Amino acid sequence: MKAFSTPIILFLFLVSPLFGASNVDIEADEFDYDGAKGIVHAKGNVIVTQEDVTIKSGRGLYEKAKQTITLFDGVVMEKDGIYLTCETAVANSLKNTLE
């Protein structure tokens, strides 16, 4: 696994298909990338932004093969001043769902 030092902002072009044509930005204190498995771990102050939606959490996991982003540890989603909170959220582009 390759570790990225912090703080950095990482734009993952790999994640764009997950949310349609719009760009997705992921910010975190630390990233670990396993290219062989197509997995990215984001740790600490994770912020996922796409257009007018912002999702914050403690940790995140992107799995290219499954086309999912799983967010853990106090997930807070905000859109247009409306907030949704939960412990875990999974965005799946193959199913076009957020659970």
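Residues numbered from 1 in each chain as written. Predicted model: local features only at pLDDT ≥ 70, side-chain atom pairs only at ≥ 80, totals over all residues. Heavy atoms only, no water.

Take the pattern of salt bridges next. Enumeration over the complete set of coordinates arrives at 4 salt bridges. Salt-bridge contacts for Lys79 lead to Asp52; the nearest nitrogen and oxygen are separated by 3.5 Å. With Lys79 in strand S7 (residues 68–79) and Asp52 in the loop between strand S5 (39–50) and strand S6 (53–63), this residue pair connects regions lying 27 residues apart in the sequence. Residue Asp52 is classed as partly exposed on the basis of its relative accessible area, which comes to 37%. In this structure, the salt-bridge partner of Lys66 is Glu63, at a minimum N-O distance of 3.7 Å. You can call Lys66 partly exposed: its relative accessible area is 48%. (Salt bridge = Lys/Arg side-chain N within 4 Å of Asp/Glu carboxyl O. Helix = DSSP H or I, 4+ residues; strand = E, 2+ residues; numbered from the N terminus. Buried < 20%, exposed > 50% of the residue type's maximum accessible area, 1.4 Å probe, protein only.)

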